[in-house]
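Observations on the three-dimensional arrangement
The residues making up each chain are set out below.
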Amino acid sequence: MKAAVFYRPNEPLAIDDVDLADPKPQEVTVRVAAAGVCHSDLHMIDGLIPCPSPCVLGHEGAGVVEKVGEGVTYTQPGDHVILSFIPSCGQCPYCIAGRPNLCTAGNRAATRGTLLDGTTRLSKDGKPVYHLTCTACFAPYAVLPESSLVKIRQDMPLDRAALIGCGVMTGVGAVINTAKVQPGSSVAVIGCGGVGLNVVQGAALTGAAQIIAIDINDYKLELAQQFGATHALNSANEDALSAVRNLSPGGVDYAFEVIGRPETMRQAFDLIRRGGLAVVVGLAPAGAEVSLPAGVFLQEKTITGSSYGGTRPRIDMPKLVDLYLLGRLKLDELISRVYPLEGINDAFEAMRRGEVARSIVSFA
Ligand code: COD
Ligand code: ZN
Ligand code: ZN
């Protein structure tokens, strides 16, 4: 089958023929319906996040179960599923504590680019090809661990469902699961791309009273207002700190960094009030550090990370599906463009130019 393969940083993905073996025990083959184009894939293409090579990218997807391996009990052919990009072992202390997004084996496999048993089902000319985050959904078929699948209602459109697999869950989950934003509170969101817009809509869902969107791209700020932002600040043109302090004297209750830059992580910490919470969703390049003012710890500010929106995928994702079908979660508005697999490098260029909320690759 044709797949979008990463070979080296700073090169377009290659649309190459790769082989996909049958699922082994506890694995499933999924026919991919659609895959979202996320900035984390672009960070890998740009060499900012390490990526094994060669590797089929794509970590935001949904599709239909095609074939199940031995011992699979959760799902059967014909089920509609969202692909979760962190599988879980069900046995480590994190899984037992109900925090599968931190699963030791799941995170190890996801970053190593293998399935949970340390091997790959993808290959080319008999040599292994890695599966990004066990999902590798920039391809018409994917083999995943059973634990990477989340069954959903059959009346949910699969292209919309794909977005829940990363951007929507990561953004909404950071608000609801990690920060537990309270109704009536003030929220700043730094970076309003595909993930940040979902932090904005998550804050709107929780009933936050003031949602201040911060970006350097006016188009993203317009979108943020459609997604529920009450104020928009272009931090390329005005000083975000003083503008936020004017809107929310003393600082905001919650600030989210949704870009992956040390400067904006520091900015999130500076924007919160005494006792406030800064949540870092973005991942900075390897080796980068953030410095914090040592004199303010007694202000009891908190800064924390949020991985995959602190999600328990099989609990949270079906709820997001229900909210979409009730008309309370915006997904249609996120899809700016639809590309065939062959157009994937154009989709990344459009993201780089800041022209899109999200693009999807459709296999329909
Ligand atoms: N100040 C304000 N806004 C900025 C700045 C800045 N200095 N620089 C860029 N921005 C804005 C851009 O204009 C854009 O609107 C937005 O930031 C970024 O949006 P996208 O659509 O390009 O990126 P997303 O939303 O797809 O991805 C954001 C992440 C934070 C998820 C991603 O980049 C990241 O850090 N990924 C690594 C973390 C990870 O692996 N997460 C799990 C899978 S996503
Ligand atoms: Zn992503
Ligand atoms: Zn585990």
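All figures in this text were calculated on a predicted structure; none of them were measured in a lab. (Residues numbered from 1 in each chain as written. Chains lettered and ligands numbered in written order. Predicted model: local features only at pLDDT ≥ 70, side-chain atom pairs only at ≥ 80, totals over all residues. Heavy atoms only, no water.)

Right, let's talk about helix H6 (residues 218-226) for a bit. Among the residues making up H6, those that are buried are Lys220, Leu221, Leu223 and Ala224. One face of H6 carries all of its buried residues, which in axial projection span an arc of 160°. Each element contacted by the buried residues of H6 is listed here: helix H5 (196-206), strand E14 (210-215) and strand E15 (231-234). The N-terminus of H6 is capped by asparagine 217, whose side-chain oxygen sits 2.8 Å from the backbone nitrogen of tyrosine 219. (Buried < 20%, exposed > 50% of the residue type's maximum accessible area, 1.4 Å probe, protein only. Helix = DSSP H or I, 4+ residues; strand = E, 2+ residues; numbered from the N terminus. Arc of directions from axis to C-beta. Contact = heavy atoms within 4.5 Å. Polar contact = N/O pair within 3.5 Å; in protein donor to acceptor, adjacent residues only side chain to side chain.)

In this section: the site of ligand 1. Taken together, the neighbourhood of ligand 1 is formed by 26 residues, with His39, Ser40, Val195, Asp215 and Arg358 sitting nearest. Taking histidine 39, its side chain carries an N or O atom lying 2.4 Å from an oxygen atom of ligand 1. Here an oxygen atom of ligand 1 and a side-chain polar atom of lysine 220 are 3.1 Å apart. Protein chains shield 86% of the accessible area of ligand 1, which is 890 Å² for the free molecule. Counting residues per element, the shell around ligand 1 draws most heavily on helix H1 (residues 39-45), which supplies three residues. Its residues assigned to classes, the shell around ligand 1 comprises 11 nonpolar, 11 polar and four charged. (Near = heavy atom within 4 Å. Areas by Shrake-Rupley, 256 points an atom, 1.4 Å probe, with all protein chains shown as cover. Nonpolar A, V, L, I, M, F, W, Y, C, P; charged D, E, K, R; others polar.)

Turning our eyes to something else, we now look at the domain arrangement of the chain. Looking at the assigned domains, one finds that the chain contains domain 1 (2-152 + 331-362) and domain 2 (171-307). Each of domain 1 and domain 2 has a C-alpha centre, and these two points are 28 Å apart. Taken residue by residue, the interface counts 14 residues in domain 1 and 15 residues in domain 2. Buried area between domain 1 and domain 2, both sides added, is near 1100 Å², and the carbon and sulfur share of it is 57%. At the boundary of domain 1 with domain 2, the tally comes to zero salt bridges. At the boundary of domain 1 and domain 2, one finds two residue pairs in polar contact (both at pLDDT 80 or more). Within the side of domain 1 that touches domain 2, the residues separate by chemical class into seven nonpolar, four polar and three charged. (Domains from an automatic or database assignment. Buried area = accessible area lost by both parts, 1.4 Å probe. Salt bridge = Lys/Arg side-chain N within 4 Å of Asp/Glu carboxyl O.)

What follows concerns the packing of aromatic side chains. For the structure shown, the criterion picks out two aromatic pairs. Between phenylalanine 85 and tyrosine 308, the ring centres sit 3.7 Å apart and the planes meet at 15°, which makes this aromatic pair stacked. Of the two residues, phenylalanine 85 is situated in the loop between strand E7 (80-83) and helix H2 (93-96) and tyrosine 308 in the loop between strand E18 (302-305) and helix H9 (313-325); the sequence distance between them amounts to 223 residues. For the residue pair phenylalanine 85 and tyrosine 308, the accessibility class agrees, reading buried in each case. A ring pair is formed by phenylalanine 138 and phenylalanine 348, whose centres lie 6.3 Å apart and whose planes are at 80°; its orientation type is edge-to-face. Taken together, the residues span a long stretch of sequence, with phenylalanine 138 in the loop between strand E10 (130-131) and strand E11 (141-145) and phenylalanine 348 in helix H10 (residues 344-352) at a distance of 210 residues. (Phe/Tyr/Trp six-rings, centres within 6.5 Å; stacked < 30°, edge-to-face > 60°.)

All right, on to the packing of helix H4 (residues 158-179) against H9 then. The N-to-C vectors of H4 and H9 enclose an angle of 105°; their axes lie 10 Å apart at closest approach. Considered as vectors, H4 and H9 are oriented roughly perpendicular to each other. Residues Arg160, Ile164, Gly165, Val168, Met169, Val172 and Asn177 of H4 form the contact with H9, whose participating residues are Asp316, Met317, Leu320, Val321 and Tyr324. Considered class by class, the residues forming the contact of H4 with H9 number eight nonpolar, two polar and two charged. (Axes fitted to C-alpha atoms, helices over the stretch in contact; angles between N-to-C directions. Parallel < 35°, antiparallel > 145°, perpendicular 65-115°, else oblique.)

Counting buried residues along strand E1 (residues 2-6), four of its five residues qualify, which places the element largely inside the surrounding structure. The pairing of E1 with strand E2 (residues 14-17) spans four bridges and is antiparallel. Along E2, the bridge assignment pairs valine 5 with alanine 14. Here E1 pairs with strand E5 (residues 55-56) via two bridges, running antiparallel. Counted as the bridge partner of phenylalanine 6 is cysteine 55 from E5. (Pairing = 2+ DSSP bridges.)

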